[in-house]
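# Geometric and topological summary
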Amino acid sequence: MHRGALYRQLAPEARQQLGLSLLNRVICVLILSASAIAILETEPTLREAAPGLFATLETLFVCIFVIEYALRLYAMGEDPRYRGLGGRLRYMFSFWALVDLIAILPYFLGFITYHNAFLLRLLRLARMLRLARLGRFSQAWASLADALKSRSHELLLSAGVAGLLLLFSSCCLYVVEAAAQPEAFGSVPRALWWSIATLTTVGYGDVTPITAIGKFFAGLTAVAGIGIIAMPTGILAAAFSDAFQKKNN
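Keep in mind the model is a prediction, meaning the values are calculated, not measured.

## What to know about the side chain of D100
The residue D100 is located in helix 6 (residues 95-112) in this model. Separated by 2.6 Å, the side chains of D100 and R133 make a polar contact. Sequence-distant contacts of D100, defined by excluding residues within four places in its chain, comprise Y69, R72, Y91, R133 and R136.

This is how it looks when you write it as structure tokens:
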């Protein structure tokens, strides 16, 4: 295939028609399939039923993705920004090229950490980073990035308010509950776990205040948590609405 035609097949921004090219559609299917295989491989009964199947499939997927990476590196010469050796090196350090590389690396790192069970589990999980590669093919990710960037100040402000409230509620529960429950509230860091579970409205119930004053502060924290969760939700909803309106206009 001519390099220009290959570039138009692999680079979504170079495609004149709407939608993905046939080659990129196949790549998306392969990414989803490889991620599904990585998930299924974490089930011990499936690994025992087909001991060599998952390793063979993973090797096959990695070979395909390595070939795809090499083809992208070759085809990107059509882009004026990435022509020549210096341009290829510049492309290799671009965001999406790094994502492609990181999605492949866990396979090869697995040979180094073969006898470490924890690292093997971590590398299996790292293969799920392949799903991030789908962002290259979707304009929705660009809209998401624009929305987050446009409301970064408001989001940082809401995160700061949430952090202050977490610290304040932890300090209050430490003061009033430490004597009654030293294991759960004997320090501010210990009380912080309760504050996080309460403010996020998760409410595990593994740690609860038992004093009257502690319950009073717990009620205030729970009510404040509703507003803290709603604040970034409203900010993001407005940002997404603005981003999609700009895109449609």
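## Focus: the domain arrangement of the protein chain
Structurally, the protein chain comprises domain 1 (3-137) and domain 2 (142-248). Measuring from the centre of the C-alpha atoms in domain 1 to the corresponding centre in domain 2 gives 37 Å.

## Here's the deal with the packing of helix 9 (residues 152-177) against helix 11 (residues 188-199)
Following both chains from N to C, one finds helix 9 and helix 11 inclined at 125°, their axes separated by 8 Å at the closest point. Looking at the two axes, helix 9 sits oblique to helix 11. Crossing of helix 9 over helix 11 shows right-handed handedness. Contacts between helix 9 and helix 11 involve A162, L165, L166, L167, S169, S170, C171, L173 and Y174 on the former and, on the latter, V188, A191, L192, W194, S195, I196 and L199. When the residues that make up the contact of helix 9 with helix 11 are grouped by side-chain class, the tally is 13 nonpolar, three polar and no charged.

## Brief notes about the packing of helix 1 (residues 3-10) against helix 4 (residues 53-75)
With their axes 9 Å apart at the nearest point, helix 1 and helix 4 run at an angle of 120° to one another. By the angle between their axes, helix 1 is oblique relative to helix 4. Here helix 1 runs over helix 4; the crossing is left-handed. In contact with R3, L6, Y7 and L10 of helix 1, helix 4 contributes L71, R72, Y74 and A75. In the contact of helix 1 with helix 4, the residues fall into six nonpolar, no polar and two charged.

What counts and what doesn't
- Just so you know, the residues in each chain are numbered from 1, in the order the chain's sequence is written.
- A pLDDT threshold of at least 70 governs which residues receive local features in this predicted model, and a stricter bar of 80 or more applies before side-chain atom pairs are shown or counted, although totals over entire chains, interfaces and linings include all residues.
- As a rule here, side-chain values come from all non-hydrogen atoms in the structure, and water together with hydrogens is ignored.
- Strands here are runs of E lasting at least two residues and helices are runs of H or I lasting at least four, both read from the DSSP assignment and numbered beginning at the N terminus.
- Within 3.5 Å is the distance limit for a polar contact, defined as a pair of N or O atoms, with the added protein rule that one can donate a hydrogen and the other accept it, and that residues adjacent in sequence qualify only through two side-chain atoms.
- In what follows, a contact means two residues having at least one pair of non-hydrogen atoms within 4.5 Å.
- A domain assignment, automatic or from a database, supplies the domain bounds used here.
- Angles run from 0 to 180 degrees between N-to-C directions of axes, and those axes are lines fitted to C-alpha atoms, restricted for helices to the stretch in contact.
- Roughly parallel refers to an angle under 35 degrees, roughly antiparallel to one over 145, roughly perpendicular to one between 65 and 115, and oblique to any angle outside these ranges.
- In this scheme the crossing of two helices becomes right-handed for a clockwise turn of the near helix relative to the far one and left-handed for an anticlockwise turn of less than a right angle.
- Ten residues, namely Ala, Val, Leu, Ile, Met, Phe, Trp, Tyr, Cys and Pro, are considered nonpolar, four, namely Asp, Glu, Lys and Arg, are considered charged, and the remaining ones, Gly among them, are considered polar.

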